[in-house]
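So the chains spell out like this:
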Amino acid sequence: MQIILTHENADFDAIASLLAAHKLYAGAKPVLPRRVNRNVQAFLSLYGPGFPFISHDDLPRGQHVKRVILVDTAKLTFVRGMGQEISQVTVIDHHVPPDEIPKGWQFQGEPLGANTTLLVEAISTRLIPISPAEATLMLAGIYEDTGSFTYASATPRDLRAAAWLIDQGADLEVATEFLEHPLTP
């Protein structure tokens, strides 16, 4: 079995990266982390049923994980079915790679404002179709990690990826609605 994992306390970029990686690696199951940020949870409550995410508890029993694709992180977390028999770990991350990468791991990435950008570029190059809801989630990932393109880490590539997602039907109003964090009473 192949799975896609991200970090705990996942933000939009992490969850959008899970979805985008699933579009590129259709045979891999995108596993939601146990904890996601509150705004992401609100988005998933409304739009999540249309996405292919599975929870840790829904991983099939008795199947061994052979390959892990890590997105937006280089830290491996363990889930059901993982043991010493993992034959391949691929890291797709926009952060600076760790000084030492474990033997047998492959690192793909480069510094960009959002990890989702790396994956959206591959999706657009391969002409993989995405739905407007998928495009909206991916757009939220780029917007959140670039501070709506106000962070110094934002790049022209992030902007081009966001523009492509809008061309695919991403709803900018929906994406930005979930990025605002209103104060509670």
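Per chain, the residues get numbers from 1 upward, laid out in the order the sequence is written. In keeping with the predicted nature of the model, local features appear solely for residues at pLDDT of at least 70, side-chain atom pairs appear and are counted solely at 80 or more, and the whole-chain, interface and lining totals rest on all residues. Only heavy atoms go into the side-chain values, all of them from the structure, while hydrogens and water stay out.

### What to know about the pairing of strand E4 (residues 88-92)
- Exposed residues in this analysis have more than 50% of their type's maximum accessible area, buried residues have under 20%, and partly exposed residues fall in between, with area computed by a 1.4 Å probe over protein chains only. Numbering of helices and strands starts at the N terminus; helices are DSSP runs of H or I of at least 4 residues and strands are runs of E of at least 2. The element E4 is largely enclosed, with a buried count of 4 among its 5 residues.
- Pairing between strands is defined by DSSP: at least two bridges between the two strands are required. By the bridge criterion, 5 bridges tie strand E3 (residues 67-71) to E4 in an arrangement that is parallel. Counted as the bridge partner of Arg67 is Gln88 from E4.
- Where E4 lies against strand E5 (residues 105-108), 4 bridges are found, and the strand directions are parallel.

### Some details on the sheet that holds E3
- Strand order in this open sheet of 5 strands is E2-E1-E3-E4-E5, and the pairing throughout is parallel. The outermost strands of the open sheet, each flanked by one partner alone, are strand E2 (29-30) and E5.

### Regarding the packing of aromatic side chains
- Here a pair means two rings of Phe, Tyr or Trp (six-membered ring of Trp) with centres within 6.5 Å. Their orientation is stacked below 30 degrees between planes, edge-to-face above 60, and tilted elsewhere. Per the stated rule, a full pass over the model turns up 7 aromatic pairs.
- Between the aromatic rings of Phe51 and Phe53, the centroid separation amounts to 5.7 Å while the plane-to-plane angle is 55°, which identifies the pairing as tilted.
- Among the aromatic residues, those joined into a cluster by ring pairs are Phe12, Phe43, Tyr47, Phe51, Phe53 and Phe178.

### A few points about the pattern of salt bridges
- Definition used for salt bridges: Asp or Glu carboxyl oxygen within 4 Å of a side-chain nitrogen of Lys or Arg. One pass over the full model with this rule turns up 3 salt bridges.
- Taking the shortest distance from any N to any O, the salt bridge between Lys23 and Glu134 comes out at 3.3 Å. Note that Lys23 is positioned in helix H1 (residues 12-24) and Glu134 in helix H4 (residues 132-145), a separation of 111 residues in sequence.
- For Glu134, a relative accessible area of 10% corresponds to the buried category.
- A salt bridge links Arg157 to Glu110; the nearest nitrogen and oxygen atoms lie 2.8 Å apart. Taken together, the positions of Arg157 in helix H5 (residues 156-167) and Glu110 in the loop between E5 and helix H3 (115-125) put the pair 47 residues apart, joining distant regions of the chain.
- Through salt bridges with shared partners, a single ionic network connects Glu110, Glu121 and Arg157.

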